Amino acid sequence: MALDFSVKLGPLELSTPLMTASGCSGYGKELDRYHDLACYGALVGKSISRKPRLGNDYPRTAETAAGMINAIGLQNEGFDAFVKNTLPKMRGFGPKAVVNVVGHDFDEYVWLCERFDAEEGIAALELNLSCPNVAEGLQFSSEPGPCEKLVAACRKATQLPIIAKLSPNVANIASIAKAAEAGGADAVSAINTLVGMAVNWRRKEPLVANYTGGLSGPAVKPVALRCVWQAANAVKIPVIAIGGISNADDVLEFMVAGASAVQLGTILFVEPDAGQTIYNGLKERMLDAGVKRIADIVGTLKQRA
Amino acid sequence: MPTTERIKLLHDVAVTRRTDFGHGYFELYLDAPELAREMSAGQFFNIRVRSELFPLLRRPFSSFDLLKDARGKPVGVSILGHTVGQGTRMLAGMGEGDRIHLNGPLGHPFELPENPDTRILMVGGGIGLAPFLHSIRQWAPEKRDLMLLAGGRSQRDLGFMKRFANSGANILIASEDGSVGVKGRVTVLLEAELKALKGKPAMVFTCGPWAMMDAVAQICLQAGVPSYASLESIMACGYGVCNGCVAKVKEDNEHGFRYAKTCVEGTVMDCSRLIW
Ligand SMILES: Cc1cc2nc3c(=O)[nH]c(=O)nc-3n(C[C@H](O)[C@H](O)[C@H](O)COP(=O)(O)OP(=O)(O)OC[C@H]3O[C@@H](n4cnc5c(N)ncnc54)[C@H](O)[C@@H]3O)c2cc1C
Ligand SMILES: Cc1cc2nc3c(=O)[nH]c(=O)nc-3n(C[C@H](O)[C@H](O)[C@H](O)COP(=O)(O)O)c2cc1C
Ligand code: FES
């Protein structure tokens, strides 16, 4: 049986529903050392800001139960260096290149969208509305009004497909997803990390220098699944699932709950070849369940009578 | 679209033996011929202790010994472990037939200076001595002038030093309580050795607790001897994608430094480039 892995996220067509998650896959170079990246429909790079960002003090990561906390502080080389040195390489690995952008403020997001619009070979922009490690991003991800206004301004600034990346650290994620849709986003992705904390009581110190950080990994999967389901029920645009996805069954659970594609994050730290393993696992599961087109299972969660 | 030369980095390997040195120190022998051929001294690998996702992250380890068969063919590597938490406790309970999964070799190795007369001073503290047995195994056949300065709190923390016997380096030991070797810190040995050089070229490699490496770096900078530290930062990925494992490296920018990923730019770093 010939299997069809292709998915459509509005104007963005992907050869497989697998993507990498921002900040967990560099810009492709390191993953490419492990295997051919054809199993991915797209690579999503770490957040890029207008100017280089130094990042937070060390220590930046701490392991927790079936998860981890990070407070990297959005360290990145900034727009100019990225476009000159990194983007050309990122385009060359096979999968489509999605650029994730982050701003200190409204104007920085718009500036970035305008400038990336003029660059070649970018498949979409993902707006990081929701990084918990910098104060500025917060209102765009937690209040429908500012979120819609920002997405609408980005929409005007670029022809590229826009993915609005949502935070789980909100009272009502459905309302934020709707605001992103109303602002003109082509898709939403969820979730970014949950704000968390880890402490060493003997040393009386936080385990990351920033005190708090973002929780990710298998531990957050149930929260992510709930968010994706709520968002998918609230909007007509496609939803991309992120959060603790570690194997092919996880991918299919999210797709049944309403996700059109998924991103692999923390699992890549443990299994740099997770994309390949999961792709093979999906093939097996699809053959087993008689699913020819993976897109057919999106949003098939049964309504309880 | 293969753009990169790929070497095998993911290895499912069997433990062939465990030795205990007491007080939480142990050695695991691994059946890993490919790694034994590929690894250079100073590199590390990242160990997945079990296939479940708890504990989640891999644990970074140096290669301790380079294992060869009777004919000198590389058959594996060993790790020297110290039990400090859940991952190392699981490793300490392993034995023949258990399997672990390795990602490596990772990071940049120690690089020897060209001049073969350079005295190579290896300064290790506690578990930070681990990379130096592999170093000696690799460099002794090249007839290098090798000296190992080993420090620890007490004899209990240096039980594994017997594995360095007849390895081909001169060895001096210092312990803080004087239970083995000279009483005091390893930096006292280093200062004496640097004085004794009398103009002979030297290079220092160090690995151990941050405070010790800092002291070693300051002594070497003052003495004008090039020094390199193998940094052991907390890592999430170990191969350059998470930006977690950073150290401050001097840089001509508004801050005077940048954060460098030690897992890919190091873990061996030029001490004079670091902000300590
Ligand atoms: C490049 C490198 C080489 C190393 N080589 C050796 C070696 O040869 N022998 C040895 O015994 N130890 C070595 N270490 C330290 C070793 O990785 C840690 O002791 C180990 O990860 C602790 O795991 P745990 O689960 O027992 O401790 P826990 O405290 O339960 O670990 C919790 C988390 O913190 C991380 N962590 C804790 N302590 C350290 C540490 N000192 N360095 C880095 N990460 C840490 C763990 O990886 C894990 O993610 C090395 C570390 C690095 C970075
Ligand atoms: C170390 C680390 C760095 C991250 N950096 C970014 C980032 O720069 N931009 C962003 O939008 N998300 C970032 N994220 C969030 C991930 O993209 C993802 O949304 C989150 O980790 C949940 O997925 P996971 O559980 O599969 O990791 C980062 C996550 C981690 C663990
Ligand atoms: S540990 Fe992830 S970049 Fe070094």
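It should be emphasised that the depicted structure is a prediction, and the values quoted were computed from it without experimental measurement.

## Thoughts on the sheet that holds strand β12 (residues 202-207) of chain B
Read from one edge of the open sheet, 7 strands run β11-β10-β9-β8-β12-β13-β16 (chain B), paired in mixed fashion. Both edges of this open sheet fall to β11 (182-183) and β16 (268-270) of chain B, since each of them pairs with a single strand only.

## Side note on the site of ligand 1
As a structural note, the neighbourhood of ligand 1 is formed by 24 residues, with Gly85(B), Gly87(B), Thr88(B), Ala130(B) and Glu232(B) the closest of them. Around ligand 1, the neighbouring residues derive from chains A and B rather than from a single chain. Where the shell around ligand 1 is concerned, the elements lending two or more residues are β4 (59-62), β6 (74-82) and α2 (86-92) of chain B. When its residues are assigned to classes, the shell around ligand 1 shows 12 nonpolar, 9 polar and 3 charged.

## Comments concerning the pairing of strand β8 (residues 119-125) of chain B
If a strand is regular, its side chains alternate between the two faces of the sheet. Residue and element names in this part refer to chain B. Most of β8 is tucked away: 6 of the 7 residues are buried. The pairing of β8 with strand β9 (residues 145-152) spans 7 bridges and is parallel. Bridge pairing in β9 links Val123 to Leu149. Of the crossover connections in this fold, the one passing from β8 over helix α3 (residues 130-139) to the parallel β9 is right-handed.

## Side note on the nonpolar core
If you look at the biggest cluster of nonpolar residues, it comprises 191 residues, and the most contacted ones within it are Val188(A), Ala190(A), Val228(A), Ala231(A), Ile240(A) and Ala259(A). For this core, the leading source of residues is helix α7 (residues 221-234) of chain A, giving 7 residues. Counting residues domain by domain, this core receives three or more from each of domain 1 (10-106) and domain 2 (119-230) of chain B. The residues touching Ile240(A), leaving out its near neighbours within four places in the chain, are Leu9(A), Met19(A), Ile163(A), Ala187(A), Ser189(A), Ala259(A), Ser260(A), Ala261(A), Val262(A) and Gln263(A).

## A short note on the site of ligand 2
Taken together, 26 residues are adjacent to ligand 2, and Ala21(A), Gly23(A), Ser216(A), Gly265(A) and Thr266(A) come closest. Of the residues that constitute the shell around ligand 2, the class distribution is 10 nonpolar, 14 polar and 2 charged.

## With respect to the interface of chain A and chain B
At the junction of the two partners, chain A supplies 33 residues and chain B supplies 29 residues. Every element with two or more residues in the side of chain A that touches chain B is listed here: α1 (29-32), β5 (61-64), β6 (67-70) and α9 (267-270) of chain A. Here the residues of the side of chain A that touches chain B are counted per class, giving 15 nonpolar, 11 polar and 7 charged.

## Re the domain arrangement of chain B
Residue and element names in this part refer to chain B. On domain assignment, one finds that chain B holds domain 1 (10-106) and domain 2 (119-230). In this structure, domain 1 and domain 2 have C-alpha centres spaced 23 Å apart. Each partner contributes to the interface: domain 1 provides 15 residues, whereas domain 2 provides 14 residues. Residue classes in the side of domain 1 that touches domain 2 are distributed as 6 nonpolar, 7 polar and 2 charged.

Basis of the calculations
- Residues numbered from 1 in each chain as written.
- Chains lettered and ligands numbered in written order.
- Predicted model: local features only at pLDDT ≥ 70, side-chain atom pairs only at ≥ 80, totals over all residues.
- Pairing = 2+ DSSP bridges.
- Helix = DSSP H or I, 4+ residues; strand = E, 2+ residues; numbered from the N terminus.
- Near = placed C-beta within 6 Å.
- Nonpolar A, V, L, I, M, F, W, Y, C, P; charged D, E, K, R; others polar.
- Buried ≥ 20, exposed ≤ 12 C-beta atoms within 10 Å, placed from the backbone.
- Right-handed = clockwise from strand over helix to strand, strands pointing away.
- Core = buried A, V, L, I, M, F, W, Y, C linked by C-beta atoms within 7 Å.
- Domains from an automatic or database assignment.
- Contact = placed C-beta atoms within 7 Å.

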